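So you can see what is in the structure, the chains are spelled out below.
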Amino acid sequence: MTAFCNFNSSELSSWLKSENEREFHSKQLFSWVYEKGVLDWERMTNLSKNLRQKLSEKLKLPLLKLVRVQPSSDLETYKFLWRLPDNNLVESVLILSGERRTVCVSSQVGCPARCAFCASGQKGFMRNLSAAEIVEQVLLINQWLKDRDERVSHVVYMGMGEPLKNYNAVVKSVHLLSDPETFNISQRRITISTVGIVEGIKRLTHEDMKVNLVLSLHAPNQRIRMKIIPYARKYPLEDILAAMQEYSEVTKRDVTYEYILIEGINDHPDHAHELALMLRGRQCTVNLIPYNAVLGLKLNRPDKGAVKAFRAVLFGCRIPNTCRYTKGDDIAAACGQLAMQHE
């Protein structure tokens, strides 16, 4: 069976034509699924019985099955655990912040980057998600939000996996999410995070898209980065920063550098000075994230004094920065944690 959410409107029209059906049904189907949130062919009452039967036999919707929804104690973060058709598990996170309803999606089962501080890569990489499996994370959470008379407003590719190692499916899913006939989410409200896949950043630079790009930096130099991010051995920091700079210049979009502060590894004021020197003159923001503890990893979060001292150095060097104390600590909201606990 073909996954319905892999189709854009023209592809769905072509499929209908190949099945000797009228192409105008494409708009009807998109309206039922993306506007009304109806995922049962039999409930699509303006379609003929024969067409509904054909759809049920040939198009799969949905692919994902909800295993569990886990809310944080402050009810500002919700973790969704999904089972895929092959029984693998992936996660999404819904973050409520003011008027924003942000969904953090996974792009792979497991992760090939195997960063030392992350739960997603502990079991290694298993497979890429299809564009449909990515889109359905947003679709099903959007359906869940309908009961609150709300909808998804932002999407970030910061869940399980390295998005730029699943390039084609990720780019297609961005186009599907931003399509006026589906969710109509502005590409300026979509963010892709990467550990620094240089060839992927360069391809994305010339995609004629307006998505935000975030680099998982996490170190002020190549030596420390290689200790905590195995991929750093393949991609020198100098090459990554050059690719990020080109992305910013070509797309006219600011870029963000995420920096997880880990006690005793990258959180000293000297590290902050080194980071400031590296980023001096760049149009960017540094997003500092005190480490979110992962079961089985002997890494610690720095205390608030260390975080404050680190930020003071960056401010003194005129490097714009924010600090995000991770939401959802009580529900294992960091990517990969809930799936690992469930297994």
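Residues numbered from 1 in each chain as written. Predicted model: local features only at pLDDT ≥ 70, side-chain atom pairs only at ≥ 80, totals over all residues. Heavy atoms only, no water.

1. Considering unusual backbone geometry
Among all residues save glycine, negative phi is the norm, and among peptide bonds the norm is trans.
Then, number 1: Cis geometry marks the peptide bond from Leu 61 to Pro 62, where omega comes out at -10°.
Then, number 2: Following the sequence through the fold, Pro 62 ends up in the loop between β2 (59-60) and β3 (65-71).
Then, number 3: Not every positive phi belongs to a glycine, and Asn 87 is a case in point at roughly 75°. (Helix = DSSP H or I, 4+ residues; strand = E, 2+ residues; numbered from the N terminus.)

2. Some thoughts on helix α1 (residues 9-18)
Then, number 1: Among the residues making up α1, those that are buried are Ser 9, Leu 12, Ser 13, Trp 15 and Leu 16. Taken end-on, α1 shows its buried residues confined to a sector of 160°, consistent with a single buried face. Across from the buried face of α1, at angles greater than 90 degrees, the exposed residues are Lys 17 and Ser 18.
Then, number 2: On the buried face of α1, the contacting elements are α2 (25-35), α3 (49-58) and β2. (Buried < 20%, exposed > 50% of the residue type's maximum accessible area, 1.4 Å probe, protein only. Arc of directions from axis to C-beta. Contact = heavy atoms within 4.5 Å.)

3. Here's the deal with the environment of Ile 197
Then, number 1: Here Ile 197 is to be found in the loop between β10 (190-194) and α6 (198-205).
Then, number 2: Between the C-alpha atoms of Ile 197 and Thr 182, which are 15 residues apart in sequence, the distance is 29 Å.
Then, number 3: In this structure Ile 197 touches Glu 162, Leu 164, Lys 165, Tyr 231 and Tyr 235, once residues within four positions along its chain are discounted.

4. A look at the packing of helix α5 (residues 167-178) against α6
Then, number 1: Relative to each other, α5 and α6 sit at 30°, their axes nearing to 12 Å. In terms of crossing hand, the pair formed by α5 and α6 is right-handed. Side by side, α5 and α6 meet where Tyr 167, Asn 168 and Val 171 of the first sit next to Gly 200, Arg 203 and Leu 204 of the second. (Axes fitted to C-alpha atoms, helices over the stretch in contact; angles between N-to-C directions. Left-handed = near helix turned anticlockwise from the far one by under 90°.)

5. Things to note about the nonpolar core
Then, number 1: Of all hydrophobic cores here, the largest spans 108 residues; its most connected members are Phe 4, Phe 117, Tyr 157 and Leu 204.
Then, number 2: Counting residues per element, this core draws most heavily on helix α4 (residues 131-146), at nine residues.
Then, number 3: Excluding its chain neighbours within four sequence positions, the residues that come into contact with Leu 204 are Leu 164, Tyr 167, Val 171, Ile 192, Met 209, Val 211, Leu 213 and Tyr 247. (Core = buried A, V, L, I, M, F, W, Y, C linked by side-chain atoms within 4.5 Å.)

6. Focus: the pairing of strand β13 (residues 284-290)
Then, number 1: Among the seven residues that make up β13, six are buried, leaving the element largely enclosed by the rest of the structure.
Then, number 2: Relative to β13, strand β12 (residues 255-261) is paired through seven bridges, and the arrangement is parallel. Residue pairing for β13: Leu 261 is matched across the bridge by Pro 290.
Then, number 3: Crossover handedness for the path β12 to helix α9 (residues 269-279) to β13: right-handed.
Then, number 4: Alignment of β13 against strand β14 (residues 321-323), held across three bridges, turns out to be parallel. Paired with Leu 288 across the two strands is Cys 323, which belongs to β14.
Then, number 5: Traced from β13 through helix α10 (residues 304-316) to β14, the parallel crossover comes out right-handed. (Pairing = 2+ DSSP bridges. Right-handed = clockwise from strand over helix to strand, strands pointing away.)

7. Overview of the sheet that holds β14
Then, number 1: Spatial strand order, β3-β4-β5-β6-β9-β10-β11-β12-β13-β14: ten strands in an open sheet with mixed pairing. Strands with a single pairing partner mark the edges of an open sheet, and in this sheet they are β3 and β14. Ignoring which end each strand starts from, the neighbouring axes of this sheet average 20° apart.
Then, number 2: Of the strand pairs in this sheet, strand β6 (residues 100-104) and strand β9 (residues 154-157) are connected by three bridges, and their pairing is parallel. Across the sheet, the residue bridging to Thr 102 is His 154, located in β9.
Then, number 3: Sheet contacts for α10: β12, β13 and β14; angle to β14, the most-contacted strand, approximately 165°.

8. Remarks on the pairing of β12
Then, number 1: By the criterion of burial, β12 is predominantly enclosed, with six of the seven residues buried.
Then, number 2: Bridge count between strand β11 (residues 212-216) and β12: four bridges; the pairing is parallel. Looking at the pairing, Ser 216 lines up with Glu 258 of β12.

9. Re the pattern of salt bridges
Then, number 1: In the structure shown here, the tally under the stated rule is eleven salt bridges.
Then, number 2: For Glu 11, the salt bridge identified is with Lys 172, shortest N-O distance 3.0 Å. A residue pair is termed long-range when its members are at least 10 positions apart, and Glu 11 in helix α1 and Lys 172 in helix α5 qualify at 161 residues.
Then, number 3: One salt bridge in this structure joins Glu 150 and Arg 148, with 3.2 Å as the shortest N-O distance. (Salt bridge = Lys/Arg side-chain N within 4 Å of Asp/Glu carboxyl O.)

10. Considering the packing of aromatic side chains
Then, number 1: By the definition in use, this model includes eleven aromatic pairs.
Then, number 2: Arranged with centres 5.7 Å apart and planes meeting at 10°, the rings of Phe 80 and Trp 82 form a pair that is stacked.
Then, number 3: Trp 82 sits in the buried class, given a relative accessible area of 2%.
Then, number 4: Joined through ring pairs, the aromatic side chains of Phe 4, Phe 30, Tyr 34, Trp 41 and Phe 183 make up one cluster.
Then, number 5: If you follow Lys 36 out to its NZ or CZ, it ends over the ring of Trp 32, 4.0 Å from the centre. (Phe/Tyr/Trp six-rings, centres within 6.5 Å; stacked < 30°, edge-to-face > 60°. Lys NZ or Arg CZ within 6 Å of the ring centre and 35° of its normal.)

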